[in-house]
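What the coordinates show
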Amino acid sequence: MSIAAARSRQPAPGGEDHAERKRAEKRTAAEDIGVDADYIDGFVEAFYGRIREDDLLGPIFAARIADWPPHLARMKAFWRSVLHNSGEFSGNPMLKHLAIPGLNLSHFSRWLDLFYATLREAEPTSEATALVGERARMIADSLLTAIAMRRDGLSAGRAGKDLPHV
């Protein structure tokens, strides 16, 4: 066996154990401030309840989601992946959002306003609201910027700068 083949069979320094430890640390840090799986499930349910009732965002979701329980399960897995580094979500949210015509700052601002209101109502700690709200804003900024850059080119590279903060 060649040296290269032998090396490819050995885990990288730190390897899987290191990655698992880091995942556990991230999950524990989030749980310590109240961001556990039950909290994530609750805010996802409450948030998408608001979305479905919203005059601006409700029709966008209604046109694309016929069966809500699988979508909610997917969003719960997404947020556990974001907040706990669970690794359970697979998918490409960017492509999904790029395919929706007409999305702009007003849509993402409204999404964040509803998200922040939901977080404040469910708030176990102010640190939890800050953590989840900051992650939500980063995601909204990333999606909005990609959509704007696709439409308007590089000049739209700061499209999310005016999004609200938690």
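Please refer to the structure placed before this passage.
A brief structural summary.

Calculation notes
- Residues numbered from 1 in each chain as written.
- Predicted model: local features only at pLDDT ≥ 70, side-chain atom pairs only at ≥ 80, totals over all residues.
- Heavy atoms only, no water.
- Helix = DSSP H or I, 4+ residues; strand = E, 2+ residues; numbered from the N terminus.
- Buried < 20%, exposed > 50% of the residue type's maximum accessible area, 1.4 Å probe, protein only.
- Contact = heavy atoms within 4.5 Å.
- Areas by Shrake-Rupley, 256 points an atom, 1.4 Å probe, with all protein chains shown as cover.
- Axes fitted to C-alpha atoms, helices over the stretch in contact; angles between N-to-C directions.
- Parallel < 35°, antiparallel > 145°, perpendicular 65-115°, else oblique.
- Nonpolar A, V, L, I, M, F, W, Y, C, P; charged D, E, K, R; others polar.
- Salt bridge = Lys/Arg side-chain N within 4 Å of Asp/Glu carboxyl O.
- Phe/Tyr/Trp six-rings, centres within 6.5 Å; stacked < 30°, edge-to-face > 60°.

Turning to the overall build of the protein chain, a few remarks are in order. The number of helices and strands found in the protein chain is 8 helices and 0 strands. Along the protein chain, from the amino end to the carboxyl end, the secondary structure elements read α-α-α-α-α-α-α-α. The buried share among the 166 residues of the protein chain stands at 36%. The contacts of the protein chain with a sequence gap of at least 6 include a subset with a gap of at least 24, amounting to 72%. Counting every atom, the protein chain has about 9,700 Å² of accessible surface; 53% of that belongs to carbon and sulfur.

Two elements in contact, helix 7 (residues 105-122) and helix 8 (residues 126-152), have axes whose closest approach is 10 Å; the angle formed by their N-to-C orientations is 170°. As judged from the angle between their axes, helix 7 and helix 8 are roughly antiparallel. Seen from helix 7, the contacting residues are Leu 105, Phe 108, Trp 111, Leu 112, Phe 115, Tyr 116, Leu 119 and Arg 120; seen from helix 8, they are Thr 129, Val 132, Gly 133, Ala 136, Arg 137, Ala 140, Leu 143, Leu 144 and Ile 147. In terms of residue class, the contact of helix 7 with helix 8 is made up of 13 nonpolar, 2 polar and 2 charged.

For the structure shown, the criterion picks out 9 salt bridges. Notably, a salt bridge pairs Arg 23 with Glu 20, separated by 3.6 Å at the nearest N-O pair. Taken together, the residues span about one helical turn, with Arg 23 and Glu 20 both in helix 2 (residues 15-32) at a distance of 3 residues. You can call Arg 23 partly exposed: its relative accessible area is 30%. Look at Glu 20 and you get partly exposed, because its relative accessible area is 45%. One salt bridge connects Lys 161 with Asp 162, and the closest N-O pair in it is separated by 3.2 Å. Because the salt bridges share partners, they merge into one network encompassing Asp 41, Arg 80 and Glu 88.

Under the criterion given, the structure shown has 13 aromatic pairs. Considering the side-chain rings of Trp 79 and Phe 115, the 5.2 Å spacing of their centres and the 35° angle between planes classify their relative orientation as tilted. Taken together, the residues Trp 79 in helix 5 (residues 68-84) and Phe 115 in helix 7 connect sequence positions 36 residues apart. Residue Trp 79 shares its accessibility class with Phe 115, and that shared class is buried. Each residue in the set Tyr 39, Phe 43, Phe 47, Tyr 48, Phe 61, Trp 68, Phe 78, Trp 79, Phe 89, Trp 111 and Phe 115 is aromatic and connected to the rest through ring pairs, giving one cluster.

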